[in-house]
Every structure is written in structure tokens, then in C-alpha cells.
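Next come the chains, spelled out residue by residue.
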Amino acid sequence: MTNTHDPEQMIVTRAAEGDTGAGATKSVYIQTYGCQMNVYDSERMRDVLRPLGYGPATTPAGADLVVLNTCHIREKATEKVYSEIGRIKELKDAKAATGGQMKLVIAGCVAQAEGEEIMRRAPAVDLVVGPQAYHKLPELIARTARATGERLETSFDAVEKFDSLPVRREADGPTAFVSVQEGCDKFCSFCVVPYTRGAEYSRGADAILAEVRNLAAQGVREVTLLGQNVNAWHGAAPKLDGGGIWGLARLAEEIAKVGGIARIRYTTSHPQDMDDELIAAHGSNPALMPYLHLPVQSGSDRVLKAMNRKHGRDRFFEIVERLRAVRPDLAMASDFIVGFPGETDRDFEDTMDLVRRVGFAGAYSFKYSRRPGTPAAEMYGQVPEEVKDARLQALQALLVEQQKAFNASKVGTTIPVLFTHKGRNPGQIAGRSPWQQAVHCDGPDNLIGQIADVTVVGSSQNSLSGTLASTTVMATATAFA
Ligand code: SAH
Ligand code: SF4
Ligand code: F3S
């Protein structure tokens, strides 16, 4: 998961390839930027559009509808949107020249933050829809056909959105994201998310469990619970359970009971919400995978305070220690920002020290990016670009070294792998280890969707290679004889 070589680039996905689009009369191309929340939202947009006859397009050229699901987190992410709009405009003009029509929708966090500016700057955009309003896409698209149609929809109601989304979802392989929480009330001084995603909201357990059961029935074996502050989840307990409020540990316990679900992950967590119950769950719930992405941002107490993070470095050490006490093989991942306003060499050294002391299996690290409208943008002591560059390079070198060492530590061990797809070479299959490592080995396609033991023989920065363990080979030979 480390993206240490290209810190501005998070996730870019294209139309789901497994989706056959049977019965489709029109095509939609969705390009996703940013975090997993956006990946989930893109999938749900496809679900909302399917009943209207939209099937997936594998390229934007010629599509009837193009959606850019955008990210506002750093300046570069936002700039990308405008250059992509320019590219799509050419395709749109090309389609119009042949008598066709392509609609362009801007969704996601840039839509929320800069909707009006997009409408002003980019006339090629037909519709701007925020992250809490995309359930209204069918109606909004129909309205754009009319001259009077409203073209900007950035209302803010997560409750209404979740209630309006179709219950049925189409699974795309053996792993799935399930959004359980949205929004953020933490207001870290550098971050736009509280402004683009709104207030913290937790979906009820009934709705989440129904979604998980539906996915499990389609062969999903691993769910990743998503939220901007996923461990702040405090949702309504199922009605049958007599009501009340559950925390994430209890939710994970119930999800583990759903037939077929073998693995549970959750992301992204905040150290402040890592409560005793959730820490204990890592020791008692074997479905919780031993890999936790817990962003710390900085190792300096002074910087953490200026970031309004509400945790110090000692609290972070304490959490890691307690987690490893109940789950010794737990691997940690994190996010870091270098060059926050006022960060001195000494502060940066504290970050390096924290990294050395904890040891990370993966990490995202970024140069601080000034986001207008956030408190840090106005702070004194903005750090020069070249200092940020040097710090990022030093930090990433250390993180890469740690990631390689972590991967290498698995060589010679036998580990359970959830196979998710065919490998790059013929006869190869690929999947994920419990620690989120990509693993590939030679094996039969019919293992895809299953968990099987692999003996690790090689490792690199980003993946492991192995051979199917002899027990797995015997079991498959019997099962498929
Ligand atoms: N909710 C999560 C992360 C949300 S944003 C959390 O609380 O940690 C994902 C990551 O982007 C953050 O963890 C942070 O490392 C980075 N980020 C957010 N705003 C940024 C900014 N202005 N400049 C650089 N990185 C930023
Ligand atoms: Fe942003 Fe902080 Fe909220 Fe994370 S906790 S989304 S970094 S404001
Ligand atoms: Fe980006 Fe919005 Fe996610 S700003 S990181 S897409 S919550």
C-alpha cells in the first residue's frame, strides 16, 4: 500500500471490469480519485445508474456519461480535475461532431468544495454532485436535459443518501468495501475533509449487516469497513437486539458471524478513537486482520498540537504497544505529513524517531499542502518547498526500508492468502496476505475467491511470491478430482 514514490497519487480506478453490463443501453465511465470512500461511492453510483440502463464503459471515449469522482485533499489532486475536464471536453466535442451526446458529471470532494467555481470555469460540465447527493443522480441527469435543470447539487445529508441507495449491490470479486461511517468532526488544522464530507455520521448496524450478508451471498470473503473516522463509528444496534448503540468492536463481532465472511478490515482510524474495546477485539476476534492503518501524521508533540490532532506521540506508542500485546503479529501502517507550518528539524527528527520505534509495514507520506479555508493555511512558518522535499525523501527512504524488511520477514513462512484474481503470467494466481501484502504464486484459477496456504519464497518492496503449500495442493487435488 505504500505509495512512497508518488505521494500525490492515491487511488485511480477505472470502470469495474467484471461487470458485464447485461441489458445496458447506455454506457457510463467513472474515473475515481482519492481515498477508498470515493472508490465505494463510485461503485454505488454504478448501482444507482444501472436501473437507468447504464452499463460500464472501459474508456471515456464514446461513453454516454462520464463521471469524475474527485479528491480535494491536496492542491495537486484538485488541479488534476481541471486538466481532466479539458481532456474529456475534447472527447465530448468529438462525440457531438458525430451527432452523439456525452454528459460530464463532476462528483466527489472537489464538487463539494468548488462546485460553483467548476460551473463557472468549465462550461463542458453538465452537472456537479457532492458526495452526499449522488443518490439523486438519475433525477439530476434527467434534469440536465431540460434548459431549466438545476446543475449543482451539493446538499449535505448522509442519512438521506444511505436510506436512498439500492439495498442490492453487485459484488466485484471476493473483497468489498462497505461504508459504515462518513464525515469528520475532528477538524485537524490542515484538512479539508470536515468541509467536504460534513459532520460525522454512523450508519445503523441493520443496514450494514444487510449489505454484508448480500455481499457474502455473492461470494465475498473479506470486507473492509470504511469511514473517514471509521473507529468513531457508533451506530444504532439492530432492532432485534433491543436497540442501543454499538461500537466498531461489536459490529466486527457480528460481521464475523456472517457465513462466508472470513476477513474484516477497517480504515481509516483515528488514534483518539482507538478505545479499549476495539484494542481488545484485535485479540479476541480472529476475523480482524492483523494489519492496522492508523494515521499519526507527525512524531512531534508540538506539531501534533498545532495540527489539532488531539493525541500526542506517547498515546500513539501506547496504542501500538497494547495492540501488539493482544495480537503479536499485528503490523502497523500510517500516514505522515512533512513540512507542516512551523515544523523544525528537531520536530522532523521526532517523526523519524517515531517511525524507527514503531516500525511500519506500509505508509503514505505527503508534503504538507496548503488548503485555502483551513486554519493551517494561515499559519506562520510555512516551510520552504526544498525543505519539504528533503524531509519527504528522508522519511520515505526509511519507510521503504521498513516495508522491504517487513515483507522479507515473511519469507520461509506459510501464510493464508485470499486469492482475488489471475496473476500477470499464465498459470499464476494472486491475492492478499493477512497483512495486506500482494502475493502471487502458480495455482489453479478455481482457487480464486478462496483462502489457501502459501509458502513464501520471495519478497520485494510491494509483493510476496510463493508456492501453494502442500496441504493446499492435496486439498485442491481432492476437491477437483
Ligand atoms: N481521516 C484520516 C485521513 C484522511 S485524509 C485521518 O484522520 O488520518 C488522508 C491523508 O491525507 C491524511 O491522513 C493526511 O496524511 C493527508 N492529508 C490531509 N490533508 C493534507 C494536506 N493539507 N497536506 C498534505 N497531506 C494531507
Ligand atoms: Fe482530516 Fe483529521 Fe478528519 Fe482525518 S481526522 S479526516 S485528517 S480532519
Ligand atoms: Fe479526497 Fe475526499 Fe477522500 S478529499 S481523500 S476523496 S474524503
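Quick note: structure is the one above.
Anyway, here's the lowdown on the structure attached to this text. Here the structure is a predicted model, which means the values were calculated and not measured. (Residues numbered from 1 in each chain as written. Chains lettered and ligands numbered in written order. Predicted model: local features only at pLDDT ≥ 70, side-chain atom pairs only at ≥ 80, totals over all residues. Heavy atoms only, no water.)

### Considering the overall build of the protein
Step number 1: Scanning the protein from terminus to terminus reveals 14 helices and 21 strands.
Step number 2: Over its C-alpha atoms the protein spans a radius of gyration of 23 Å, differing by no more than 12% from the 23 Å that the globule rule assigns to 481 residues.
Step number 3: Principal axes of the C-alpha set define a box for the protein whose edges measure 70 × 65 × 50 Å.
Step number 4: Sorting the 481 residues of the protein into buried and exposed places 57% on the buried side.
Step number 5: Of all intrachain contacts in the protein linking residues separated by at least 6 positions in sequence, the fraction that spans at least 24 positions is 72%.
Step number 6: Of the roughly 19900 Å² that the protein leaves accessible, carbon and sulfur atoms contribute 52%.
Step number 7: The positive charge centre, built from 54 side chains, and the negative charge centre, built from 58, are 2 Å apart in the protein. (Helix = DSSP H or I, 4+ residues; strand = E, 2+ residues; numbered from the N terminus. Rg over C-alpha atoms; globule rule 2.2 N^0.38 Å. Buried < 20%, exposed > 50% of the residue type's maximum accessible area, 1.4 Å probe, protein only. Contact = heavy atoms within 4.5 Å. Areas by Shrake-Rupley, 256 points an atom, 1.4 Å probe, with all protein chains shown as cover. Lys, Arg positive; Asp, Glu negative; His and termini not counted. Charge placed at Lys NZ, Arg CZ, Asp CG, Glu CD.)

### Side note on the site of ligand 2
Step number 1: If you check the shell around ligand 2, you find Cys184, Lys186, Phe187, Cys188, Phe190, Cys191, Val193, Pro194, Asn229, His270 and Arg309 and nothing else.
Step number 2: Along the lines of polarity and charge, the residues of the shell around ligand 2 split into seven nonpolar, two polar and two charged. (Near = heavy atom within 4 Å. Nonpolar A, V, L, I, M, F, W, Y, C, P; charged D, E, K, R; others polar.)

### Regarding the packing of aromatic side chains
Step number 1: As enumerated under the stated definition, the model contains seven aromatic pairs in all.
Step number 2: A centroid spacing of 5.4 Å and a plane angle of 85° characterise the contact between phenylalanine 336 and phenylalanine 360, whose relative ring orientation is edge-to-face. Separated by 24 residues along the polypeptide, phenylalanine 336 in strand β15 (residues 331–338) and phenylalanine 360 in the loop between α12 (345–358) and β16 (362–367) bring together distant segments of the chain.
Step number 3: On the basis of relative accessibility, which here comes to 0%, the residue phenylalanine 336 falls in the buried class.
Step number 4: A ring pair is formed by tyrosine 364 and phenylalanine 366, whose centres lie 6.3 Å apart and whose planes are at 5°; its orientation type is stacked. (Phe/Tyr/Trp six-rings, centres within 6.5 Å; stacked < 30°, edge-to-face > 60°.)

### A closer look at the site of ligand 1
Step number 1: Around ligand 1 there are 15 residues in total, and Phe190, Gln228, Gln297, Asp335 and Ser369 lie nearest to it.
Step number 2: At 3.4 Å from an oxygen atom of ligand 1 is found a side-chain nitrogen or oxygen belonging to arginine 309.
Step number 3: With the chains in place, 92% of the 540 Å² that ligand 1 exposes on its own is no longer accessible.
Step number 4: Secondary structure elements with two or more residues in the shell around ligand 1: β15 and β16.
Step number 5: Taken together, the residues of the shell around ligand 1 break down into six nonpolar, four polar and five charged. (Polar contact = N/O pair within 3.5 Å; in protein donor to acceptor, adjacent residues only side chain to side chain.)

### Considering the sheet that holds strand β2 (residues 54–56)
Step number 1: On the basis of which strands lie adjacent, the open sheet formed by six strands has the order β2-β1-β3-β4-β5-β6 and parallel pairing. A strand with exactly one partner marks an edge of an open sheet, and here the two such strands are β2 and β6 (152–153).
Step number 2: Of the pairings in the sheet, the one linking strand β4 (residues 103–108) to strand β5 (residues 127–129) comprises three bridges and is parallel in character. Bridge pairing in β5 links valine 105 to leucine 127. (Pairing = 2+ DSSP bridges.)

### Description of the pairing of strand β19 (residues 438–442)
Step number 1: Residues of β19 alternate between two faces, with Val439 and Cys441 buried on one and Ala438, His440 and Asp442 left unburied on the opposite face.
Step number 2: Where strand β18 (residues 428–432) and β19 come together, five bridges link them in antiparallel fashion. Across the sheet, glutamine 428 pairs through a bridge with aspartate 442, a residue of β19.
Step number 3: The hairpin formed by β18 and β19 contains five residues between the paired strands, and glutamine 436 there has a positive phi angle of roughly 70°.
Step number 4: When β19 meets strand β21 (residues 463–468), the two strands line up parallel, connected through five bridges. Bridging across to β21, histidine 440 finds its partner in serine 465.

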